[in-house]
Amino acid sequence: MFSFALELIRYSMGKIIALANQKGGVGKTTTTINLAASLAALEKKVLVVDADPQANASSGLGVDIRNVELSIYECLVNGEDASGAITQTEVEGLDIIPSHIDLVGAEIEMLNLENRERILKQILTPLKEKYDFILIDCSPSLGLITVNALTAADSVIIPVQCEYFALEGISKLLNTIKIIKSKLNPALEIEGFLLTMYDSRLRLANQIYEEVKRPFRDLVFTTVIQRNVKLSEASSYGKPVLLYDADSKGSINHMQLAQEIVEKNSSLTLAYSHRLSYKCSILKMIHVARIVTGATNKAASRYLESMAEKCISNRIYNARNADTSTASASYNPRRNTLIAFCVSILLFIFSFDIVVFSLLFPVMYTRFYPHYPIIPFAPLPPPRAFGHINLFLLFI
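Cut-off values and rules
Residues numbered from 1 in each chain as written. Predicted model: local features only at pLDDT ≥ 70, side-chain atom pairs only at ≥ 80, totals over all residues. Heavy atoms only, no water. 1 Å grid on protein atoms, 1.4 Å probe; cavity = no way out; pocket = protein on both sides within 12 Å on 5 of 7 lines; lining within 4 Å. Points joined across faces, edges and corners; volume = space filled by probe spheres on them. Helix = DSSP H or I, 4+ residues; strand = E, 2+ residues; numbered from the N terminus. Buried < 20%, exposed > 50% of the residue type's maximum accessible area, 1.4 Å probe, protein only. Pairing = 2+ DSSP bridges.

**Observations concerning the layout of surface pockets**
- As a volume, the second largest pocket reaches approximately 450 Å³.
- In terms of lining residues, the second largest pocket is bounded by 26 residues, among which Gly27, Lys28, Thr29, Thr30 and Met197 are the most central.
- Elements supplying a minimum of two residues to the lining of the second largest pocket: helix H2 (28–41), helix H3 (56–60) and helix H11 (229–236).
- Counting residues per element, the lining of the second largest pocket draws most heavily on H2, at 5 residues.

**Some thoughts on unusual backbone geometry**
- Of note, the phi angle at Glu43 is positive, near 65 degrees, even though the residue is not glycine.
- The topology assignment puts Glu43 in the loop between H2 and strand S2 (46–51).
- For Glu43, a relative accessible area of 75% puts it in the exposed group.
- Backbone geometry places Asn115, a non-glycine residue, at a positive phi of 50 degrees.
- Within the secondary structure, Asn115 sits in the loop between helix H5 (106–109) and helix H6 (119–124).
- Using a relative accessible area of 39% as the deciding quantity, one classes Asn115 as partly exposed.

**Topic: the pairing of strand S7 (residues 189–196)**
- Here S7 lies mainly inside the structure; 7 of its 8 residues are buried.
- Pairing of strand S6 (residues 155–161) with S7, which is carried by 7 bridges, proceeds in the parallel orientation. Following the sheet pairing, Gln161 is matched in S7 by Thr196.

See below:
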């Protein structure tokens, strides 16, 4: 149950999302800037971490990178406090930790540091309590800085440009995510694949969308970012497109993407909350069954807890299922509760046999082996009167 509580805490705190793709020019920085501004417009507290030495996310949010005194470089290499590097932007509720060109040499300087893959995670973990979302703009590579970002992240958004060459690098990125998930960050998940620079007039763009949608299905965002000149113009003015032209397609697309992410994560948090409460109710039944039978059999208790896990496994599937109607139809709480109750009764019967054996064992032992002392045995169960009372409580 403690592990479930940790999961609930993790989902109720701020979420770190990395935007990564080793191919350049797919829209990582543009998506980071405008998604962050859209989330802030939805009254979310957002922090952007510019982990790209080009510092385009910093300049795109109006930060003068020539006058930056403390950047993500100093935090990674020199161990500076990240709170001192946070810079407020023009958008209310949106802050940024800017980057610097010196970040190019950070990977070499970090090679001799202890736990070099987890440095960024140590920097951002204290900030999760202050922000609803932390977005990391990764550089177009799979180097040590990107590995740090994926290790620190709870999930990753993979922007995919609607062109053929953009598909070739996905397999390498997925392999890197798989390695990081197995060795550095088991909780890392794919938030979704985001189709960028989409032009519905081009047959190629529609083919790319189908190629991505076919294997990844629900992992592909419903929202696509259409090709829009206002996105490029807004970056040149150091503003998100929401402030430059709120009625443009680019602004509308990113607002829809922000709403999709907020709704998805809200349903996840609710599902994990329900899962935790359901788990607590099942464990309470297990505890009552133990009191009734006086059982101390750990194997039986573990078996019942594993059955309880199966009873609530549908909750995780429902939380990740995009179709809420299908998810609700596939889950039957009465059935699962009945299963858990029946298993607790089985534990009661199994443990009752242990109780009978423990009562008869001393009598049988002294009868057949009168010349040998009684071997110390497990603690006897409570008196039968208490057993009847506890049995009544079980059925209540």
